[in-house]
Amino acid sequence: MIALIIGILVALVVTLAGTPLLIRLVHRLHYGQYIRQDGPKSHLVKRGTPTMGGLIINLAILLGWAASALYRYLSRGESVSLSAMLVLFAMLSMGFLGFIDDFAKVRKKQNLGLSVRAKFIGQFILATIYAVLALKLPTKNGYPSAQAGISFVEQPIIDFRMAGSVLSVVLFIIWVNLLMTAWSNAVNLTDGLDGLASGSSMIAFVGYTVIAFWESYHLKGGSHPGHAYAVSDPLDLAIIACCAAVACFGFLWYNTNPASIFMGDTGSLALGGLFAALSIATHTELLAVILGGLFVGEAASDVIQVGYFKLTHKRVFKMAPIHHHFELMGWQESKVVVRFWMVDLIFVLLALVCFYADWVVRSGLPI
């Protein structure tokens, strides 16, 4: 518990103290946000707002976990978790890709950074590296950082290993690429209103904190009754998820309407990559669709809008992603954001109910 408190405090201090410093630096470098011209006219006043706030979010999560790991090493002699480092690699690598995209936008002085092709290639390379390492690297407790399959909670619904050793790795790489690309882009699409992505991510990572803590409490080989999980280093995963939630909380102080800074692709791609990696590491890839239901809805609205327009030359929504639709219906930006947070909270609570119900059934307990 002390290790968790240390991680929380460090992550919070870094975001609360570091964000104003980053705002001044970005102002000095003239790295302001460029607004899409086809968006709501009310957003044009946001032009020039400092961006790349994801740098401080990434740093807060990294330092929060590192401080916690250092305390556990000094007090109990615990070695560093490779599973945790892999999850952080997914976050930081996607964040680096987002940083390149943000930097390209401010250099071009427009809201278009990397091309879709370049971003896709970058995501493919980074996700493939993560997938291979997650399957092959040894861990402290002997359980893999990932399993070659698709799981709702722990047990694979589709086990890639049935296809053979080589093909199972190929299928897993494809699956990880799908998850990394989908979640990073879904969070990126959600980052369209002040505080929407940071607040929604905070709620979602609180959900993963609860899940990972429960798995650490009921880890195979432990003494606690009920179903036990074969997950690698879930306590570290819980600390990372908690640091992510706290980092988003601290950043939200400066990101609420009217925002003093945006997280940019540096933050949204990193948080999406972290969300995907946590779903893989906790063996809850399909449960994540419920837990991250708000992100799914945002991404789906964009896909539906584009697809329907290509077929009929008509729009389903006034504008996509769907948060802009409600803005154009006359809702105030703050109202859209708060109500979307409420929807996000409902999805997270529903996911936690499903997770607990799964544990009860597997434990043979009455519902």
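Only a predicted model underlies this, so the values are computations on that prediction, with no experimental measurement involved.

Asks: Could you give me a rundown of the overall build of the protein, with the residues and numbers involved?
Replies: Within the protein one finds twelve helices and two strands. The order of helices and strands in the protein, counted from the N terminus, is α-α-α-α-β-β-α-α-α-α-α-α-α-α. Its C-alpha atoms give the protein principal-axis dimensions of about 60 × 50 × 40 Å. Looking at the protein residue by residue over its 367 residues, the buried ones come to 53%. Counting only contacts in the protein whose residues sit at least 6 apart along the sequence, the fraction spanning at least 24 positions is 76%. As displayed, the protein has an accessible area near 16,300 Å², and 71% of this comes from carbon and sulfur atoms. One way to put it: in the protein the 25 positive side-chain charges average out to a point 8 Å from where the 19 negative ones average out.

Asks: Residues and numbers for the UniProt feature "binding site: Mg(2+)" (unreviewed entry) in the protein, please.
Replies: Under the present numbering, the feature "binding site: Mg(2+)" (unreviewed entry) in UniProt falls on N188 and D265. In terms of the greatest pairwise C-alpha distance, the residues named above, spread along 78 residues, form a tight cluster of at most 6.5 Å across. Position of N188 relative to the elements: it lies in helix α5 (residues 165-190). What N188 contacts, discounting residues up to four positions off in sequence, is D265, S268 and L269. Within the secondary structure layout, D265 lies in helix α8 (residues 264-281). Those residues within four positions of D265 in sequence are excluded, and the remaining contacts are G98, D101, D102, K105, K119, N188 and A270.

Asks: Outline the nonpolar core, supporting the account with residue identities and numerical values.
Replies: Ranked by internal contacts, the top residues of the largest apolar core, which has 90 residues, are I61, Y130, F172, M180 and L274. Looking at this core element by element, the count peaks at 15 residues for helix α7 (residues 234-255). For M180, the contacting residues outside a window of four places in its chain are A90, M94, A127, Y130, G273, A276 and A277. If you look at the next biggest cluster of nonpolar residues, it comprises nine residues, including L294, F317, F326 and V337.

Asks: Can you tell me about the packing of aromatic side chains, naming the residues and giving the values?
Replies: The tally for this structure, following the rule as stated, stands at eleven aromatic pairs. A centroid spacing of 6.2 Å and a plane angle of 20 degrees characterise the contact between F99 and F103, whose relative ring orientation is stacked. Separated by four residues within a single helix, F99 and F103 lie in helix α3 (residues 82-108), roughly one turn from each other. Three or more aromatic residues joined by ring pairs make a cluster, and in this case those are W183, F205, Y208, F275 and F295. Against the face of W331 rests R339, its NZ or CZ located 4.7 Å from the ring centre.

Asks: Let's hear about the UniProt feature "transmembrane region" (unreviewed entry) in the protein: which residues, and what values?
Replies: Mapped onto this numbering, the UniProt entry gives "transmembrane region" (unreviewed entry) at residues 52-73, 80-100, 120-139, 160-183, 195-214, 235-254 and 336-359. With 85% helix and 0% strand, the stretch residues 120-139 has end C-alpha atoms that lie 30 Å from each other. In this annotation, residues 235-254 is assigned 100% helix and 0% strand; the end-to-end C-alpha distance for the span is 30 Å.

Rules used throughout
- Residues numbered from 1 in each chain as written.
- Predicted model: local features only at pLDDT ≥ 70, side-chain atom pairs only at ≥ 80, totals over all residues.
- Heavy atoms only, no water.
- Helix = DSSP H or I, 4+ residues; strand = E, 2+ residues; numbered from the N terminus.
- Buried < 20%, exposed > 50% of the residue type's maximum accessible area, 1.4 Å probe, protein only.
- Contact = heavy atoms within 4.5 Å.
- Areas by Shrake-Rupley, 256 points an atom, 1.4 Å probe, with all protein chains shown as cover.
- Lys, Arg positive; Asp, Glu negative; His and termini not counted.
- Charge placed at Lys NZ, Arg CZ, Asp CG, Glu CD.
- UniProt positions renumbered as here; feature names shortened; annotations may be inferred.
- Core = buried A, V, L, I, M, F, W, Y, C linked by side-chain atoms within 4.5 Å.
- Phe/Tyr/Trp six-rings, centres within 6.5 Å; stacked < 30°, edge-to-face > 60°.
- Lys NZ or Arg CZ within 6 Å of the ring centre and 35° of its normal.

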